Amino acid sequence: MNVRFALIGLFLSLCMGIAVAQPTAASEPSYNILLFTADDLHAESLRTYCSQTDMTPQLDAFAKSSFIFNQAHVNAAICSPSRAIIATGQYGHNSGAVGFRPANPGTPTLMTVLRSAGYNCGILGKVSHSTPVKGFRWDYHFDQQDLGNGRSPSLYYQRSKEYFEKCKKENKPFYFMVNSHDPHRPYCNPEKLTEGEEMPSKVYNPDEVEVPGFLPDLPGVRKELAMYQNSTRRLDDTFGKVMQALEESGYASTTLVVFITDNGIAVPFAKCNTYFHSTHTPMILRFPGLTQAGQRDTTNFVSGIDLMPTFLDFLNISGPNKQDGKSFLPLLKGEKQTGRDLVYTQIDMDIKDIPVPMRCIQNKKFGYIYNPFSDGKHRYSNNNEGQSMRAMEQAATNNPAIAARVQLFRYRVQEEFYDLEKDPDCLNNLIKDPRYRSEIVKMKKNLEEKMLASTDPMLVAFQNMNDRKAVDAVILKTYGEPKAK
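Residues numbered from 1 in each chain as written. Predicted model: local features only at pLDDT ≥ 70, side-chain atom pairs only at ≥ 80, totals over all residues. Heavy atoms only, no water.

Student: Explain the sheet that holds strand E5 (residues 140-142) here, please?
Tutor: Two strands in a sheet stick together by hydrogen bonds in their backbones, pointing the same way (parallel) or opposite ways (antiparallel). Across the sheet, eight strands lie side by side as E5-E4-E6-E1-E7-E8-E2-E9; this open sheet has mixed pairing. One side of each edge strand has no neighbouring strand; the edge strands of this open sheet are E5 and strand E9 (295-297). Averaged over all neighbouring strand pairs, the angle between strand axes comes to 15°, with direction disregarded. Examined bridge by bridge, strand E2 (residues 67-69) and E9 share three bridges and lie parallel to one another. Of the residues in E9, the one forming a bridge with phenylalanine 67 is glutamine 295. Contacts from helix H7 (residues 219-249) reach strand E1 (32-38), strand E6 (174-179), strand E7 (255-261) and strand E8 (283-286) within the one sheet, and its direction differs from that of E1 by about 170°. (Pairing = 2+ DSSP bridges. Helix = DSSP H or I, 4+ residues; strand = E, 2+ residues; numbered from the N terminus. Axes fitted to C-alpha atoms, helices over the stretch in contact; angles between N-to-C directions. Contact = heavy atoms within 4.5 Å.)

Student: Would you mind going over the nonpolar core with me for this structure?
Tutor: Within soluble globular proteins, side chains that are nonpolar generally end up buried alongside one another. Counting residues in hydrophobic clusters, the biggest one holds 70 residues, and the most contacted among them are Leu34, Phe164 and Phe259. Examining the composition of this core, we find that eleven residues originate from one element, H7, more than from any other. Setting aside residues no more than four positions away along its own chain, phenylalanine 259 makes contact with Phe36, Ala38, Leu41, Leu46, Leu59, Leu235, Phe239, Pro282, Met283 and Ile284. (Core = buried A, V, L, I, M, F, W, Y, C linked by side-chain atoms within 4.5 Å. Buried < 20%, exposed > 50% of the residue type's maximum accessible area, 1.4 Å probe, protein only.)

Student: For this particular structure, what's the right way to read the packing of aromatic side chains?
Tutor: The description of an aromatic ring pair uses the distance of the two centres, along with the angle that the planes make with each other. Taken as a whole and judged by the stated rule, the model has 33 aromatic pairs. When the centroid spacing of 5.6 Å and the interplanar angle of 80° are considered together, the rings of phenylalanine 164 and phenylalanine 176 count as edge-to-face. Here phenylalanine 176 lies in strand E6 and phenylalanine 164 lies in helix H6 (residues 153-170), a separation of twelve residues in the sequence. The exposure class assigned to phenylalanine 164 is buried, which follows from its relative accessible area of 1%. Lying over the aromatic face of tyrosine 157, lysine 241 brings its terminal NZ or CZ to 4.5 Å of the ring centre. The ring of phenylalanine 269 carries the charged tip of arginine 405 above its face, separated from the ring centre by 3.7 Å. (Phe/Tyr/Trp six-rings, centres within 6.5 Å; stacked < 30°, edge-to-face > 60°. Lys NZ or Arg CZ within 6 Å of the ring centre and 35° of its normal.)

Student: For this particular structure, what's the right way to read the environment of proline 357?
Tutor: Relative to the elements of secondary structure, proline 357 occurs in strand E12 (residues 355-362). We classify proline 357 as buried; its relative accessible area is 0%. Along the backbone, proline 357 and methionine 465 are 108 residues apart, and their C-alpha atoms lie at a distance of 13 Å. Setting aside anything within four residues of it in sequence, one finds proline 357 in contact with Ile347, Asp348, Tyr370, Asn371, Pro372, Phe373, Met458, Ile475 and Tyr479.

Student: It is not clear to me how the environment of lysine 168 should be interpreted in this structure. Could you clarify?
Tutor: Along the chain, lysine 168 turns up in helix H6. Residues lysine 168 and proline 183, spaced 15 residues apart in sequence, show a C-alpha to C-alpha distance of 32 Å. Sequence-distant contacts of lysine 168, defined by excluding residues within four places in its chain, comprise Ser249 and Tyr251. For lysine 168, the side chain forms a polar contact with the main-chain oxygen of serine 249, separated by 2.5 Å. (Polar contact = N/O pair within 3.5 Å; in protein donor to acceptor, adjacent residues only side chain to side chain.)

Student: Even after reading the chapter, I still don't get the packing of H7 against helix H11 (residues 386-396), so can you show me in this structure?
Tutor: For any two helices packed against each other, the geometry comes down to the angle between their axes and how far apart the axes lie. Contact geometry of H7 with H11 gives a least axis separation of 8 Å together with a crossing angle of 175°. With respect to each other, H7 and H11 are oriented roughly antiparallel. Here H7 contributes Gly220, Val221, Lys223, Glu224 and Met227 to the contact with H11, which in turn contributes Gly386, Gln387, Ser388 and Ala391. A breakdown of the residues in the contact of H7 with H11 according to their chemical character gives three nonpolar, four polar and two charged. (Parallel < 35°, antiparallel > 145°, perpendicular 65-115°, else oblique. Nonpolar A, V, L, I, M, F, W, Y, C, P; charged D, E, K, R; others polar.)

Student: What is the right way to look at H7 in this model?
Tutor: The α-helix advances 3.6 residues per turn, and as a result positions three or four apart in sequence lie on the same side. For H7, which comprises 31 residues, the first-to-last C-alpha distance of 46 Å matches the rise-based estimate of 45 Å (1.5 Å per residue) to within 8%. Of the residues one or two after H7, glycine 250 is the one with positive phi, at around 85°. (Expected span 1.5 Å × (residues − 1).)

Student: What exactly am I supposed to notice about the pattern of salt bridges here?
Tutor: When charged atoms on two side chains of opposite charge get close, those side chains can pair. Taken as a whole and assessed by the stated rule, the structure comprises 26 salt bridges. A salt bridge links glutamate 162 to arginine 159, with the shortest nitrogen-to-oxygen separation between them at 3.7 Å. Pair noted here: glutamate 162 and arginine 159 are both in helix H6, with a separation of three residues, about one helical turn. Relative accessible area serves as the criterion here: at 15%, arginine 159 is assigned to the buried category. A salt bridge links arginine 410 to glutamate 385; its shortest N-O distance comes to 2.8 Å. Here arginine 410, found in helix H12 (residues 400-411), pairs with glutamate 385, found in the loop between strand E13 (366-370) and H11; they are 25 residues apart in sequence, far enough to count as distant. Among the charged side chains, a salt-bridge network with shared partners connects Arg151, Asp182, Glu197 and Arg234. (Salt bridge = Lys/Arg side-chain N within 4 Å of Asp/Glu carboxyl O.)

Student: I would appreciate a short explanation of the sheet that holds E12 in the present structure.
Tutor: Taken in spatial order, the four strands line up as E11-E12-E13-E14 in an open sheet, and their pairing is antiparallel. Edge strands, defined here as strands with exactly one partner in the open sheet, are strand E11 (343-349) and strand E14 (415-419). Shown here is a sheet whose adjacent strand axes are inclined to one another by a mean of 10°, direction ignored. When E11 meets E12, the two strands line up antiparallel, connected through six bridges. If you follow tyrosine 344 over to E12, its bridge partner there is isoleucine 361.

Student: Sorry if this is basic, but what is going on with the confidence of the model for the protein chain here?
Tutor: The predicted structure's coordinates, where accompanied by low pLDDT, should not be read in detail. With 93% of its residues at a pLDDT of 70 or more, the protein chain has an overall mean of 93. Per-element mean pLDDT across the protein chain ranges from 37 in helix H1 (residues 3-15) up to 99 in strand E4 (residues 120-124). In the model, residues 1-28 has pLDDT below 50 throughout and makes 13 contacts with residues more than four positions away in sequence or in other chains. (pLDDT = per-residue confidence, 0-100.)

Student: How do you make sense of the pairing of E14 when you look at a structure like this?
Tutor: Within a regular beta strand, the side chains point alternately toward one face of the sheet and then the other, so they alternate between its two faces. With five of five residues buried, E14 is to be regarded as a mostly interior element. Judged by which residues are buried, E14 turns out to be covered on both faces: Glu415, Phe417 and Asp419 on one side and Glu416 and Tyr418 on the other are all buried. Here E13 pairs with E14 via five bridges, running antiparallel. Within E14, the position partnered with phenylalanine 366 by the bridge is aspartate 419.

Student: Got a minute to help me understand the pairing of E8 in this structure?
Tutor: Covered by surrounding structure in E8 are Met283 and Leu285 together with Ile284 and Arg286, the residues of both alternating faces. Where E2 meets E8, three bridges bridge the pair, whose relative direction is antiparallel. Opposite phenylalanine 67, over in E8, you have leucine 285 as the bridge partner. Alignment of E7 against E8, held across three bridges, turns out to be antiparallel.

Okay, here's the thing in structure tokens:
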């Protein structure tokens, strides 16, 4: 029973002189939330999202009983800023959590709001990346080193069971954030498992790999992706064990379960960028009586910025005034919502705390990217390139097409435009194609409106993109002096 309505009913009953029996946890269970995140998962590794492999049988079975969003994205395709957006309900430039920097002191978070409402807040894995405000301490927490390097399905099962028992003893509803460290690098090499790491239920060889369309089909790429698929299968094993613990706890009927990834796969043109496969995420939700088994929304765009307001709306708990997203609970109820035809995504800093601002607007047909950092001199790199990029750089010496891809990845261009219906892998930049001029103008206008509405400091750079000195001044003012490269 909602506390607010219970108090109103009690007040009216007392006014009428009627004795009221207080509800018990057994008769009126509170609703809970379990948010399960993968780390660096390619959305199309799930058969639910078009894959023809068998990497994720547990997740695909879960999807069949759940509500599926096809047009779901994260707003910043790097682990820490992506998770900070979920926790704060604000874009990084508003919360202060750009790159790996913490949020501004005192920023409200989902956890602080729920704790004030009587919720227990627990977490497994990725604790620091999921805690953007310094000083917050979760009620229950185990990190990578206590979870078999974040890669032990059996330990996730054990810790989940312990947490559910804790909540029962305390008679508290819960927000439980379960973060797998799979399929983040280092990928699962069965011949070189780290201490505590478990074998997945199936291993793959390079011949079984599905090479994503944004990567060239090279032996080195296939070798690395085979190990990525091992890690993805173990992620699936972990999800299955956590769901087993939930079922055994008796909480399944009162718990909203949500599955997402924090960003795309850690290879070139995915993680740490703003391409379609950088930000596209699985978003699968299940709550008995609310979601319909196998229901799929193919139209509406939802994103990480919407999770906090959705969770609070679902629990009927008031949130902070400053939230950049909006609840998509009406969509789960089968209602219509306006304003869900676009998604706005961004990158601010790389892992070295060097400004590399990128901004993107996407709809079902097109994607427009603005790269303020691209000046023809800055050589972009990140720690997520691995063997795939080494294979590409080696092949580039004899393959002009691959050489062009490497050049684009390293230096970018100021503007990119893609026909996502025909080219979801973003291989053909159409920014100078006169046939798309009217669509480019529309998408640039959409981006400008989103940047204005969100008070994005890069708006000034966008409006003065032809003035390199002005753009550099905005970047310096926004992020400060970059660290040594």
